[in-house]
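Take a look at the letters that make up each chain.
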Amino acid sequence: MLSLNLSKTKHMVLSPFRIADTGQCDLIVDSEKIERVVEFTYLGLTIDSALKWTNHIQKLKSDVTSASGLFWKISSFIPVKQLSIMYHAFVQSKLKYLIFIWGAASRSRLKPLQTAQNRCLKAVYKRPRLYPTMNLYAEADESTLPINALRELQAASIIHNHLQNPLAHHNQNYERPDHRYSLRNQSSLYVSQPTTEFAKKAFTYYAATAHQRLHPPPPPTTNNHPRQNIINE
């Protein structure tokens, strides 16, 4: 039987709106009150009750800024190739972790983190601080992507893995249009259109549309890499 460690158990009321703490949401197990929190870090992801991911993004920004300062100091005597390896090991690995969840934050909250990532990459590739960002990512290796593109690629990869492995355990059902004849878009997914902007951030919609954008039916004369589709957006 699974036992519950009440001393380490917390509960949280999730809502995109501010809820007044009226004391009506108490959770009691075996006559012991479970502590209610508005923020909690679980498996490296800082979750807040409004699902705005502000503190998680702030922590990532602090880590990226620290790494950026280190790269600026050592860039004069370490080659770009080794700096790039260090960037992927210590910076982008943290940015990619569960980005398909916290990456749904608003653009205004993600912008400071994106700026920190850009500065870090300029240190890695030994470019001046005012170097154009578009040129920076065009010159970087294929696996180096901005925040939104990392989220889009990770979400599309999850959908792709689900479609390629029917035995994979997940709770989503991705339908494909049933055509009588073989068509060029035979592998396209059926995606129902959300009615609100908030619903567009749902994984079921965002990931499916990302998969459609990054894996479009290729015309007979072209063969674009998914990264090029992201850069072109």
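Residues numbered from 1 in each chain as written. Predicted model: local features only at pLDDT ≥ 70, side-chain atom pairs only at ≥ 80, totals over all residues. Heavy atoms only, no water.

Let's shift gears to the packing of aromatic side chains. This model, assessed by the stated rule, comprises 0 aromatic pairs. A cation sits over an aromatic face here: Arg127 above Tyr131, 5.3 Å from the ring centre. A cation over an aromatic ring shows up here: Arg129 above the ring of Trp72, its NZ or CZ 4.5 Å from the ring centre. (Phe/Tyr/Trp six-rings, centres within 6.5 Å; stacked < 30°, edge-to-face > 60°. Lys NZ or Arg CZ within 6 Å of the ring centre and 35° of its normal.)

Side chains carrying opposite charge are able to pair once their charged atoms draw close together. This structure, assessed with the given rule, holds 4 salt bridges. A salt bridge links Glu35 to Lys10; its shortest N-O distance comes to 2.6 Å. You can see Glu35 sitting in strand 3 (residues 32-36) and its partner Lys10 sitting in strand 1 (residues 10-11), a full 25 residues away along the chain. Taking the relative accessible area as the measure of exposure, Glu35 reaches 42% and is therefore partly exposed. Classification of Lys10 as partly exposed rests on a relative accessible area of 32%. Of the charged contacts in the structure, one is a salt bridge between Lys59 and Asp63, with a shortest N-O distance of 3.5 Å. With Lys59 and Asp63 both in helix 1 (residues 54-74), this residue pair falls 4 residues apart, about one helical turn. Salt bridges linked by common partners bring Lys59, Asp63 and Lys94 together as one network. (Salt bridge = Lys/Arg side-chain N within 4 Å of Asp/Glu carboxyl O. Helix = DSSP H or I, 4+ residues; strand = E, 2+ residues; numbered from the N terminus. Buried < 20%, exposed > 50% of the residue type's maximum accessible area, 1.4 Å probe, protein only.)

What follows concerns the sheet that holds strand 3. If you walk across this open sheet you meet the 3 strands as 1-3-2, and the pairing is mixed. Whereas interior strands pair on both sides, the edge strands pair on one side only; in this sheet they are strand 1 and strand 2 (27-29). Pairing of strand 2 with strand 3 involves 3 bridges; the strand directions are antiparallel. Note on strand 3: the bridge partner recorded for Leu27 is Ile34. (Pairing = 2+ DSSP bridges.)

To continue, consider a nonpolar patch on the surface. The grouping of Phe40, Tyr42, Leu43 and Tyr97 at the surface amounts to a nonpolar patch, some 430 Å² of accessible area in total. Inspection of the secondary structure puts Phe40 in strand 4 (residues 39-42). The exposure class of Phe40 is partly exposed, given its relative accessible area of 33%. (Patch = residues over 30% accessible without salt bridge, like charges linked within 9 Å, V, L, I, M, F, W, Y side chains within 5 Å. Areas by Shrake-Rupley, 256 points an atom, 1.4 Å probe, with all protein chains shown as cover.)

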